[in-house]
Structures are given as C-alpha cells and as structure tokens.
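Letter by letter, the chains look like this.
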Amino acid sequence: MFDLDRWQEIYHVLKKNKLRTFLTAFGVFWGIFMLVIMLGSGNGLQRGVTQNFGDMATNSVFIWTQQTTIPFKGFPRGRRYNFDNDDVTAISHAIPEIKYLALRLQAGGYRQTNSVIRGLKSGIFNIMGDYPAYNNIDPLNFINGRFINDLDIKNKRKVAVVGTRVVDILFTKDENPISQYIQIQGVYFQVVGIFSSKRTGEQADQENQNIYIPFTTLQQTFNYGNAVGFFSITSQDDIPVSVVEEKAIRLLKKRHSVAPEDDAAVGHFNLKKEFDKMQGLFFGIRLLVWIVGTGTLLAGVIGVSNIMLVVVRERTKEIGIQRALGATPWKVISQIIMESVVLTTFAGYFGLVAGVALLELINLLLGSSGANTEMFVNPGIDFSVAVTALAILVFSGVLAGMIPARRAVSVKPIDALRFE
Amino acid sequence: MIKINQIHKSYITGQNSLHVLKGIDLEIEAGEMISIMGASGSGKSTLLNILGILDSYDSGEYSLDGLKINRLSERKAARLRNKMLGFVFQSFNLVSFKNAMENVALPLYYQDVPRKKRNLIAMEYLERMGLTEWAHHLPNELSGGQKQRVAIARALIGKPKVILADEPTGALDSVTSSEVMDILQEVNATGITVIIVTHEHDIAMRTRKTIRITDGNITEIIIN
C-alpha cells in the first residue's frame, strides 16, 4: 500500500543533509558501478578470446605425423611417414565414438602458399584439400554458394570454395564469382562457394585467404598419392574427446609401425583441453571480479549503515515523539529500513545504469574506431546479472538498516524524548 | 481512572542509585483535573512519565482504567498510549517536517486511519482550536501559543481518557499560558481526565486539586 507519510519522512531525512546523502549514495553507486564495469569487461575479454575459436567444435582433436624418435620393427629413428587413405577407413571402423572425421591436405605442405591466377589478376593463397565434414568441426560463414560435398569427393570434381579476401583480389566489385573459373597451379577450378571467417582479427584475415578444394581432387591433381595431411576428429556428444584421441593415436601408431611409447612421432592437439584451460581462467577472472565487486559494494553498504546510525541518533527525539504518540516498534523499524533500502536501491540503480551506459559507449567507440579488437568483443552484462545485482542491493539495504533500526527502538521512549 | 500503589523508582548511574519515587500512593477519578507541583528533582516528572507508560517503575502497582500496567511489551505500550493517553509537552514536540494538520493527524496515522479521513478529522480539531487558517503551516511558522494548541489538538484526536501535560505553559508568556489553561479546562469539561505537572502557582490554582511532591513522597494534597 502506498503510504504518503512514509515517503514524506524518507524524503525529509534524505534531503536534510544533501551532501551527506550524496556521499553515502556515491559509495553504493561506485560499488555497483565497478561491479558492472568489471563484469562487463570480463565478458568482453571472454567473448573476444572465444570468438578466436570461431564456431569450432570444442570436443575436437587434430592429429598429424612427425618424425619418429625411437627405432622400431627394424625402422631407424628419425623416420618420416604419412597417414594415408586406408587409415581413414580403419579409424572410422575401429572407433565408433567418432562423430565427425575429416581429413585435410594442404597443397605444397603445411603453411605453404600457392599462386592463383584469374585473367590478369593473381594472388598467393593457401590451398586446402578438404572433406565435407570439416565444415561441421570448424564452420565457416557462407555468403554465397556451398562447401565441398560428397559428390565432389567421389567424382574428384575441380571445384573451389574461396574466402572473401580471395574474391577481393581476383574479382572486380561488380562480378559474381560463382561459376567463374580460377587457375590454381595451372589447373582450372570452378568457384562454387564464397565464405567469410567466423573468427576475429588476424586469424579471420588469415582464414579469408583460404581456398578449399575437394580432398580427393587435390591428392590426384597435385600428385600426393594417398597421403593425408592431418585428421580432424570430433567425438560423440556424450563422450570425452580424449578417449577418441587416445584410441586413434594407438591405432595409427600400430598401422605405421611406430613404437607405442613414441609420443613425439604423432602430433596432436586437443582443443577441448585448451578450451577447458581457458574456461578455468575466465572462471577465475569472474570469481575475482565478484569478490572485488561485492567487496566494494559492501564498503558502500557499510557506509549507508553508518549514516543511518547517525540519522537515527539525530532523530532520537523525533522518534521518541512518534513512539509517545503510539508508533509501534515495528513502525519505527520498518521506516528506518525503508529509508536505507531507498537510499541503496536508488544509488545502486544509478550505478547500474551508469555502468551499462559506459559499457555501451565503449562498445560504440570500439565499433567505430575500427581498432584491432581481437581480444575484446562486445563488453556487457547479462540482464539476469543486473537483476541479481539489484536484488543484492535491496537485500543489503535491509541489512544496512537493521542495526540502526534496532538501536532506534532499544532506548526507552522517555530517554528518547529527553534527548537533546 | 488511575490507581497507583506504593510505586518506587530508582535511577542507577554507575555506582550510585538515586531513589526518585519512594512509595507513591495516588488515586485519580475519571474526569478530574489535577496538578502536580514540586521542586525540580522532586520526582514529579518521573511520576508523570510512569503514568504515561513512557517509563517503567521498580515496584508497586499501577492500573489505568482497570488495566494493570506492568512490564508491557513496547508494542502493547505503544497501543495503550495511542488509545488511552494524550501528551502535551513543554517544548511542544511537533514533528518539524509535517504541517499543523499532519501533526494533529499523527496519532490516527498509527491507528492506520486512511489519510483523507484522518486529515478531515484533524481539520475539525484545528477548527476547535481556532487554527483552521494555519492548518498548512509548518511548526516553525507558528507562534508558541499556536504550537501548543496544535499539540493539544494532537493529544485529543485519539479520543484519549487521560491528558498528561508536562509543564504545558513553561515556554509561554502569561497571556498565552492563560489561553492554554482555558483550553485544558474546556477539555476537562468534556469529561477527559487532565493531569498537569507545573511549578507555577497560578497554573496549579486553576486545577481542582493540587498534589505536592517533595523528595519522592506526596506531602500535601490541596483542594483548590
């Protein structure tokens, strides 16, 4: 029920000493402001870093060959070897826990580039031979057309999927690259798809310079026999990828006569492990932010409690009068708690709004400045966090009012009346 | 209306105990108008505070309108003060940020009477005090006599059985004092018991009975 007298009293108390009210409110304001800014920045950092992963399936592992380091079955150490097409069938038969299995081979070898020509234009790009499943493990953003499909693989079609940067270099603005031909190491390929990277910053620039052609086409056209560059494997949703990783490596070692204990001979990268490490880091940051943030907030709330004690002391006589006229202790207590809640909530709400506004401003500036924001994307806080913060404020307002309120009714009415 | 029996009260300050009331017996009938006189420190204010349930007593018995008053919870005491008693103080004790009307309406606020209704009733009481034009003025815009009349209106609005006045004219000049006493006599004429603590002789003379307290004992009861 709206009680005008109650609000009149609150207004009077808070207005009486404006500077004091302002400074007290500022403590709470600052507490929640800092909490919002820190949480928002933490989120921005997390978003930035996780966007570097693109939309990559986190339960994936990548496996490639390296030199052996232990002599085994008559082979010397330091041997180089390649995975091959037969490994693919063997792995997919032996390990049912696999969800996606994709192979990749890069023309010219790992991190090698090739010149690509179209008419009078030319550029240097990465040429990847791929399977359709790769787009499920590390997805791309398709602007036009499609990725490689099973028919491409089966018929070893000469088709190419190109990044936006490739389009910029080889085509003029008003041309539609789809169905056009480009020349890769003297062989013509028809463009069937255009993509842009889902990553940010430098990694995105890198990926946008890629050209994907069917794996089988690459093997045959550029004389790779049945060599495989590396495997990308994703486990079924309910199975940890480390299980698949272990099984696949053991099988590959056996098939290529590598010593079972030769860990250096098979290179592998478990994305899940890296991702978990990162998640742990962000959890730590969040925990720290909450501890520091709520600590600052607590300091503000203690300030409110302190001021309420002073206010109650100043108003001892007035409260004495009210009690002589029949104000019950509950009426007095609820009045003081209400004052404290109003002060904290009001100040906190402004802190929240100011914090969110600043984050939005940073967002706006980041967007328009065109700065390299690889590590810091879209700072902000969730609505639920904002609601939680407000709930904490109201609760701490109650807490802050509790001690002063009890103090107000603990004195005898007559002592309160006599107080000067 | 009021019956007290062997009331004792001591104040303990550190090691010392100050025996203020030393076994007071007093009976006040409904509708009486009584003054309590005594030197400062004689215990007259303490007695009034005990009668007003603003202070506790150590031993003895006190019954108000047949109700035993002993170690009440503060909630019950507040209810009793609100329904049975009206207070008039020397320093008026008006709430500074409420206007005259709101001050008068305050006891009804604690009875949860709706704002419109209690303000209407407050206006009636202010009219009786001749303060209709001043209803929307804050206390610091009123003269001493006006303030005390507001305070009396506030004491009356809860329809109390007893009015307790602690030096009601102590801060007023003699003309206004006389006016305030006129009002209190009118109040008494409606059947409300009035108890006034004072050290002014001519004020005491205007009540029907004067009780003189010396060093915590009733030494004299004078019928005026």
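Residues numbered from 1 in each chain as written. Chains lettered and ligands numbered in written order. Predicted model: local features only at pLDDT ≥ 70, side-chain atom pairs only at ≥ 80, totals over all residues. Heavy atoms only, no water.

Draft legend 1. Spotlight on the overall build of chain A. Across its full length, chain A holds 14 helices and 13 strands. Its C-alpha atoms put chain A at 105 × 55 × 35 Å along the principal axes. Counting only residues that meet the buried cut, chain A has 50% of its 420 residues in that class. Across chain A, the 42 positively charged side chains and the 35 negatively charged ones have centroids separated by 4 Å. (Helix = DSSP H or I, 4+ residues; strand = E, 2+ residues; numbered from the N terminus. Buried < 20%, exposed > 50% of the residue type's maximum accessible area, 1.4 Å probe, protein only. Lys, Arg positive; Asp, Glu negative; His and termini not counted. Charge placed at Lys NZ, Arg CZ, Asp CG, Glu CD.)

Draft legend 2. Main features of the pattern of salt bridges. Throughout the structure, instances matching the rule amount to 30 salt bridges over all chains. The salt bridge partner of Glu314 of chain A is Arg20 of chain A, with a shortest N-O separation of 3.0 Å. On the criterion of sequence distance, the pair formed by Glu314 of chain A in helix H10 (residues 271-314) and Arg20 of chain A in helix H2 (residues 18-51) is long-range, its members being 294 residues apart. Of the residues examined, Arg20 of chain A reaches a relative accessible area of 16% and is grouped as buried. Salt bridges sharing partners connect three or more residues here, namely Asp5 of chain A together with Lys98, Glu102, Arg115 and Arg118 of chain B. (Salt bridge = Lys/Arg side-chain N within 4 Å of Asp/Glu carboxyl O.)

Draft legend 3. Structural detail: a positive patch on the surface. Judged by side-chain charge, Arg75, Lys76, Arg79 and Lys83 of chain B come together as a positively charged surface patch. Classification of Lys76 of chain B as exposed rests on a relative accessible area of 54%. (Patch = residues over 30% accessible without salt bridge, like charges linked within 9 Å, V, L, I, M, F, W, Y side chains within 5 Å. Areas by Shrake-Rupley, 256 points an atom, 1.4 Å probe, with all protein chains shown as cover.)

Draft legend 4. A look at the interface of chain A and chain B. Taken together, the contacts link 24 residues of chain A with 30 residues of chain B. Where chain A abuts chain B, roughly 2,500 Å² becomes buried across the two surfaces, and 56% of that area is made up of carbon and sulfur atoms. Among the salt bridges present, the one from Lys331 of chain A reaches Asp112 of chain B, with a minimum N-O distance of 3.3 Å. The tally of links from chain A across to chain B stands at 11 residue pairs in polar contact (both at pLDDT 80 or more). (Contact = heavy atoms within 4.5 Å. Buried area = accessible area lost by both parts, 1.4 Å probe. Polar contact = N/O pair within 3.5 Å; in protein donor to acceptor, adjacent residues only side chain to side chain.)

Draft legend 5. Examining the environment of Ile362 of chain A more closely. Residue and element names in this part refer to chain A. You can see Ile362 is positioned in helix H12 (residues 329-369). Counting along the chain gives 17 residues from Ile362 to Thr345, while the straight-line C-alpha distance between them is 25 Å. If near-sequence neighbours (up to four positions away) are discounted, Ile362 is found in contact with Phe376 and Pro379.

Draft legend 6. Molecular detail of the sheet that holds strand S7 (residues 162-166) of chain B. All names here are of chain B. The strand order across the open sheet built from six strands is S6-S7-S8-S3-S9-S10, with neighbouring strands paired in mixed fashion. With one partner strand each, in any of the chains shown, strand S6 (85-88) and strand S10 (217-223) form the two edges of the open sheet. Between one strand axis and the next, the sheet turns through 20° on average, direction left out of account. Direction of pairing for strand S9 (residues 209-214) relative to S10: antiparallel, over a ladder of six bridges. Within S10, the residue paired with Thr214 across the bridge is Asn217. Sheet strands touched by helix H2 (residues 74-84): S6 and S7. Its angle to S6, the strand with the most contacts, is close to 80°. (Pairing = 2+ DSSP bridges. Axes fitted to C-alpha atoms, helices over the stretch in contact; angles between N-to-C directions.)

Draft legend 7. Geometry of unusual backbone geometry. Residue and element names in this part refer to chain A. Positive phi is not limited to glycine here, since Ser179 has a value of about 75°. One non-glycine residue, Ser257, lies in the positive phi region at around 50°. Tracing the backbone through its elements, the reader meets Ser257 in the loop between helix H9 (241-255) and strand S13 (266-270).

Taken by themselves, the reported measurements are silent on function.
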